[in-house]
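# Architecture at a glance
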Amino acid sequence: MGAKRPDRREFLRGGAALAGGLTVGAAEPALGQAPPEPERYVRGDPDLIAYGERSRFVTSVRIPHPPGGRESPDAFGLVFHVAAPLQDSVGTITPSSLHFVGTTRGSLMPEIDPAEHRLMIHGMVERPLVFTMEDLKRLPSVTRLHFIECAGNRARSTHKDVQESHGMTSCAEWTGVLLSTLLEEAGVKDGAAWVVAEGTENVKGASSFPLAKAMDDCIVAYGMNGEAVRPQNGFPLRLLIPGFEGIFNTKYLRRIKVTDEYYLNYNDYGHLSRDDTRAALGYQVGPKSVITRPSGGQRLPGRGFYEISGLAWSGGGAVSRVDVSTDAGRSWQEAEIQGTAHRMAHTRFRLPWSWDGQEAVLMSRCTDEVGQVQPTQAQVAEHFGRPDNPSAGVPGLDNTIQPWRVAGDGSVHNARA
Amino acid sequence: MRVLRPLALTMLLGATALAQGPTYGVGRAPTPEELRARDISIGPAGDELPPGSGTAEQGERIYRIRCAGCHGRELEGGRAPRRAPRLVKTEPGSDVDPWAAGRILPYRSPYATTVWDYINRGMPLYQEGSLTADQVYALTAFLLYRNEVIAEDLVLDAESLPKIEMPNRDGWAPLPDWQRLSPRLPGYPF
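Basis of the calculations
- Residues numbered from 1 in each chain as written.
- Chains lettered and ligands numbered in written order.
- Predicted model: local features only at pLDDT ≥ 70, side-chain atom pairs only at ≥ 80, totals over all residues.
- Heavy atoms only, no water.
- Contact = heavy atoms within 4.5 Å.
- Buried area = accessible area lost by both parts, 1.4 Å probe.
- Salt bridge = Lys/Arg side-chain N within 4 Å of Asp/Glu carboxyl O.
- Helix = DSSP H or I, 4+ residues; strand = E, 2+ residues; numbered from the N terminus.
- Nonpolar A, V, L, I, M, F, W, Y, C, P; charged D, E, K, R; others polar.
- Buried < 20%, exposed > 50% of the residue type's maximum accessible area, 1.4 Å probe, protein only.
- Pairing = 2+ DSSP bridges.
- Phe/Tyr/Trp six-rings, centres within 6.5 Å; stacked < 30°, edge-to-face > 60°.
- Lys NZ or Arg CZ within 6 Å of the ring centre and 35° of its normal.
- Arc of directions from axis to C-beta.

Attention now goes to the interface of chain B and chain A. Each partner contributes residues to the interface: chain B has 64 residues there, and chain A has 71 residues. Interface area for chain B against chain A, summed over the two sides, is near 6200 Å², with a carbon-plus-sulfur share of 57%. The largest contributions to the chain B side of the interface with chain A come from Trp178, Arg184 and Phe190 of chain B, which together make up 15% of the buried area. Between the two partners, chain B and chain A, sit six salt bridges. The shortest N-O distance in the salt bridge between Lys257 of chain A and Asp39 of chain B comes to 2.6 Å. Broken down by secondary-structure element, the contributors of at least two residues to the side of chain B that touches chain A are helix H2 (32-38), helix H5 (105-108) and helix H6 (112-122) of chain B. Among the elements that make up the side of chain B that touches chain A, the one with the highest residue count is H6 of chain B (five residues). A breakdown of the residues in the side of chain B that touches chain A according to their chemical character gives 34 nonpolar, 14 polar and 16 charged.

Dropping the structure here:
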């Protein structure tokens, strides 16, 4: 359990179990009893008319990551990594207020007046350009669902719930201008091969990515979930590099430089490797999924019907299939995918299940449109020639299958090696 | 890899949309001063390096005042809460394997320009951007000298810095040639 979940215990004692994340299933009203009256009726509040808020009965919050790591904010107001409460997620969009936050190394949030903000595009282009926010909003725009996932999103056997094990990913609807539109406007010169993106945090973090990716599907986003990008997610402008590790998705974007070679600036140094395999796998996120309900820390109140539900995603494209096992991977059933699976977006999957009250191990497995299949820890260990050590690190972002064990008493536990 | 524009737009804007010219005419050209001031990305060729110079001896003096509090007097790194990494390899000798020497940026980095760029944009932590170009040259010289990459008396400037042959110049894995709908690593099914 995270350190900062206010009022939950008190709240559960009050019997309003449905809205919380820890107990699955509703408290049944006694037969024939009339539905309860609301606790009270609330007068209209000017602030809530202007900008709404969730119910005071809904209490899921973000927590510092890794669990037990540095508090955010710390005594100096620095923000470190903060994970999203996926155990309470429904559908595919993470509310902006709960979207995970990654910071390069702990940072203060820049407060940027959008009227003053400028994006400069330069380097190996015919016409270097400076855009105001208003300029960008004149240009043809796109709106797309995309997940972002931090490379530190590594599940461990010690993690108690899905927020601790998988909370460093979120999915939002992003609106902005395709980076290719801006690069074409500037005119990319022959011989260009790389793009460096730079943000406005104190560290001026910079990441390099291939021009082919820049021309394909990257978004210079000013919108998030129907409103302006939130400050913690890069207001007023952030770059989306769909499917690449989180750190590439530069927040507070202020500069794009087109170059002929790999510049190895700041964030790139962390990706430096001597091994081809590790270098390649530290780039695009693999196929991945996790069951969010029932998941670690929750409890099934008794045998009977439950919908198994979770999220699947891949950096390689759209999710094409999700399989679910309730017997620790001995047999698999294809889950239903909610609506259209979008490319590089969280995709909700569901499978009806009847729990017989016996111990069960639940797993999900994602297959993407490229044909990549989410591996077990054992399969990765086998592939890298260390079958006796399945919990050793997975190269690149860990996308291995997450097992949840449902005990006979209905409690759900992390069953990772 | 150019994106095809909708036909109507092409007709609207006339032939210019098909040529290399801009399609929308939105945005303005930066001034040369803006470009110089904002372009802090230093590539391996060092083209963007500003005027200025510094030596290891000058760098050591700056290091004591601005860096040692976190990275340690002997560059040995600091403990929590600062947790600043070690900046000098543990083994003596100029032929130490950069991959065996730990994550020592001024030794493992393939380019000396990366060291300059890192200090210039990111250090000292929480006082970023407070060093002059001369100071960054001097600190780079000091860190490279202490890692036995350069001689003590080498004056670093925009000319000499990119010429430094780092021990890991060719010892790192190239990045994959990214393509749409390609697996992350050929032959890797996951």
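Moving on to the pairing of strand E5 (residues 142-149) of chain A. Residue and element names in this part refer to chain A. Most of E5 is tucked away: six of the eight residues are buried. Sheet topology places E5 next to strand E6 (residues 169-178); eight bridges connect them, and they run antiparallel. The residue bridging Ile148 from the neighbouring strand is Ser170, located in E6.

Here we take up the sheet that holds strand E17 (residues 336-337) of chain A. Residue and element names in this part refer to chain A. Read across the sheet, four strands follow the order E13-E14-E18-E17 without closing on themselves; strand pairing throughout is antiparallel. Lying at the two open borders of the sheet, with one neighbouring strand each, are strand E13 (288-293) and E17. For strand E14 (residues 304-313) and strand E18 (residues 347-355), the ladder comprises nine bridges, and the chain directions are antiparallel. Bridging across to E18, Ser309 finds its partner in Arg350.

Let us look at the pattern of salt bridges. Two side chains carrying opposite charge are able to pair once their charged atoms lie near each other. Applying the stated criterion to the full structure yields 27 salt bridges over all chains. Two residues, Lys213 of chain A and Asp217 of chain A, come together in a salt bridge whose shortest N-O distance is 3.1 Å. In terms of burial, Lys213 of chain A and Asp217 of chain A fall into one category: buried. A salt bridge links Arg121 of chain B to Asp117 of chain B; the shortest N-O distance between them is 2.8 Å. Placement of the pair is Arg121 of chain B and Asp117 of chain B together in helix H6, with a separation of four residues, close to one helical turn. For Asp117 of chain B, a relative accessible area of 1% gives the class buried.

On to the packing of aromatic side chains. Per the counting criterion, the structure on display carries 13 aromatic pairs over all chains. For the pair Tyr111 of chain B and Trp172 of chain B, a centre-to-centre distance of 6.2 Å together with 85° between the ring planes defines the contact as edge-to-face. Of the two residues, Tyr111 of chain B sits in the loop between H5 and H6 while Trp172 of chain B sits in the segment after strand E2 (156-157), which places them 61 residues apart along the sequence. Assigned by exposure class, Tyr111 of chain B and Trp172 of chain B land together as buried. Aromatic side chains Tyr188 of chain B and Phe190 of chain B sit 5.4 Å apart centroid to centroid with 85° between the ring planes, which places their arrangement in the edge-to-face category. The same class applies to Tyr188 of chain B as to Phe190 of chain B, namely buried. One aromatic cluster is present, formed by Trp194 and Tyr262 of chain A together with Tyr111 and Trp172 of chain B through successive ring pairs. Above the face of the Tyr222 of chain A ring, Lys137 of chain A is positioned so that its terminal group lies 5.4 Å from the ring centre. In this structure, Arg365 of chain A is placed above the aromatic ring of Trp332 of chain A, and the distance from its NZ or CZ to the ring centre is 4.2 Å.

What follows is about helix H3 (residues 56-66) of chain B. Residues and elements named next belong to chain B. Looking at H3, one finds that the buried residues are Ala56, Gly59, Ile62 and Tyr63. In a view along the axis of H3, the buried residues occupy a sector of 115°, so they form one face of it. Residues of H3 that are exposed and point over 90 degrees away from its buried face: Glu57, Arg61 and Ile65. The secondary structure elements touched by the buried residues of H3 are helix H4 (68-71) and helix H7 (133-146).

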